[in-house]
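Summary of structural features
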Amino acid sequence: MIETVKNAWKIPELRKKIMFTIFALLIFRLGAAIPVPFVNTESLGTYIDSMSGSIFSLMNAMSGGGFAQATVFALSIQPYINSSIIIQLLTVAIPALERLQKDGGEEGRKKIESITRYAALGIALLQGFGYFTLIRSYNMLDLNGMNMIWAGIVIVASFTAGATFLMWLGEQITEFGIGNGISIILFASIVSRVPSMVQSMIVGVQRYHNPLTDEMRSSMSQTSITAYEKSVLHPGIIPVIILGMLALVVFIVFITDAERRLPVQYAKRVVGRKMYGGQSTHIPMKVNMSGVLPIIFAQSIASLPATVAAFVPGATQQTDGFWAMFLKAFDTKSITYMVIYFLLIIGFSYFYATIQFNPVEVANNLKKNGGFIPGFRPGKPTADFIQKVLSKITMFGALYLSIVAILPIITSNAIGISSLAIGGTSVIIVVGVALETVKALEAQMLMRHYKGFLE
């Protein structure tokens, strides 16, 4: 990976793309450190820390810590991700959108992108208003004489503008930088939390050796006591976590590179005085064809009910009743969340595999070029065989993603470290995005006929 980046840096055009991507990420991190006005960020940060393992911790991790500080980029690119999911599902359900996508060409693609942007703007407005409602319900506003309505307009507009700007920035990275812009921003958000996670582990070990005394408890609020107790970490757990993360990284890299190769034989044919064909090759089919997209999209959908409920005024303050049960059921550590998360990953894996690989089209192309899979007649029998293989490897890839995503949550419940559930999903996204970005670099170098870049 490092060698690939070094070789890409030697090419002036790719160097400009890398520099543009780095510059865009610097802008993102700058915006993630600028708080919106009229919010008591200290009280908000304490409250989010006390909700370790909840939906708020997940949103904070995906925003690079901006959610806990009510920064301009607090909503991160979640509105755009949710919008993309909704529009892609509607494209399958609504014939007009399906025709626009399949037969509209470049113009149709631009229209769908425009619809996605407007939908993202609407979702950002709703999430920004919900976030403001949460802040107001916990008295975390510093109005300094400002009218509540005007302060609310400024706060919601700031959140919405930040999410919209990140959507635009992601598109610029995709066009002028390296890799998928939205994935790169999400990657930067998670990686930026690594120093904070390391510091939390150190603090947790220190607090394990220095438990709260009765005198300390009497001078602390219940929220602070809860946050303190949740952050306590046994020293023996740290090596286990590190080894588990390293094993997870190795496993993800192995499965990402795994593929099923279908043998293809080309028939010999004579054209003029020359003979063509007769070669043997293969069709590579990736085990994890859709990358980290099923994880990202499934996480957004699975956390949606808890997100909506958490932004309802007073819902998080209830200890019993409907909202308390609802939040508990859809908490990131609950059985309900794990089941929904598991099923959504499998569903999105099949969805993206179907979009990316068309067995009928592949079979027709083989037939036109005189190719065939040994043991199967060209045409429909070949398409049926490819479809059967695709279903099997997609199921394996979907189960791999589901198990790898669910296992840290189960481990978190077993050993009592709530942040581990979020950390496991973050590792999958970070490793997946890193591998996809490196492959994008290699593809661009290959297009420029750069020799020796894999040496």
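Residues numbered from 1 in each chain as written. Predicted model: local features only at pLDDT ≥ 70, side-chain atom pairs only at ≥ 80, totals over all residues. Heavy atoms only, no water.

Here we look at the packing of helix 5 (residues 78–93) against helix 7 (residues 105–137)
Think of two packed helices as two axes; the pair is described by the angle between the axes and how far apart they sit. Their axes nearest at 8 Å, the elements helix 5 and helix 7 cross at an angle of 130°. The angle between helix 5 and helix 7 places the two elements in the oblique class. Our pair here, helix 5 against helix 7, has a crossing hand that is right-handed. Within the contact between the two elements, helix 5 uses Gln78, Pro79, Tyr80, Asn82, Ser83, Ser84, Ile86 and Ile87 and helix 7 uses Ile112, Ile115, Thr116, Ala119, Ala120, Ile123, Ala124 and Gln127. When grouped by side-chain class, the residues that make up the contact of helix 5 with helix 7 number ten nonpolar, six polar and no charged. (Axes fitted to C-alpha atoms, helices over the stretch in contact; angles between N-to-C directions. Helix = DSSP H or I, 4+ residues; strand = E, 2+ residues; numbered from the N terminus. Parallel < 35°, antiparallel > 145°, perpendicular 65-115°, else oblique. Left-handed = near helix turned anticlockwise from the far one by under 90°. Contact = heavy atoms within 4.5 Å. Nonpolar A, V, L, I, M, F, W, Y, C, P; charged D, E, K, R; others polar.)

With respect to the side chain of Gln78
Among the secondary structure elements, Gln78 is positioned in helix 5. The class for Gln78 is buried, based on a relative accessible area of 15%. For Gln78, the contacting residues outside a window of four places in its chain are Met62, Gln127, Leu186 and Ser300. (Buried < 20%, exposed > 50% of the residue type's maximum accessible area, 1.4 Å probe, protein only.)

Some thoughts on a nonpolar patch on the surface
On the surface, Trp9, Met19, Ile22 and Leu26 cluster together into a nonpolar patch covering about 400 Å² of accessible area. The leading source of residues in the nonpolar patch is helix 2 (residues 12–31), at three residues. In this fold, Trp9 is placed in helix 1 (residues 2–9). (Patch = residues over 30% accessible without salt bridge, like charges linked within 9 Å, V, L, I, M, F, W, Y side chains within 5 Å. Areas by Shrake-Rupley, 256 points an atom, 1.4 Å probe, with all protein chains shown as cover. Salt bridge = Lys/Arg side-chain N within 4 Å of Asp/Glu carboxyl O.)

Thoughts on the environment of Val389
In this fold, Val389 is placed in helix 19 (residues 380–415). Judged by its relative accessible area of 5%, Val389 falls in the buried class. The spatial distance from the C-alpha of Val389 to the C-alpha of Leu262 is 9.0 Å, given a sequence separation of 127 residues. Those residues in contact with Val389 that lie beyond four places of it in its chain are Arg260, Leu262 and Met285.

Observations regarding the packing of aromatic side chains
Where two aromatic rings form a pair, the distance of their centres and the angle of their planes describe that pair. Under the defined criterion, the tally for this structure stands at twelve aromatic pairs. Geometrically, the ring pair formed by Phe28 and Phe73 is stacked, given 6.0 Å between the ring centres and 15° between the ring planes. Of the two residues, Phe28 is situated in helix 2 and Phe73 in the loop between helix 4 (55–62) and helix 5; the sequence distance between them amounts to 45 residues. A relative accessible area of 5% means that Phe73 is categorised as buried. Judged by centre distance (4.4 Å) and plane angle (10°), the ring pair of Phe67 and Tyr131 falls under stacked. Highlighted residues: Phe67 in the loop between helix 4 and helix 5 and Tyr131 in helix 7, separated in sequence by 64 residues. Each member of the pair Phe67 and Tyr131 is classed as buried. Aromatic ring contacts, followed pair by pair, group Phe28, Phe73, Phe165 and Trp168 into a single cluster. (Phe/Tyr/Trp six-rings, centres within 6.5 Å; stacked < 30°, edge-to-face > 60°.)

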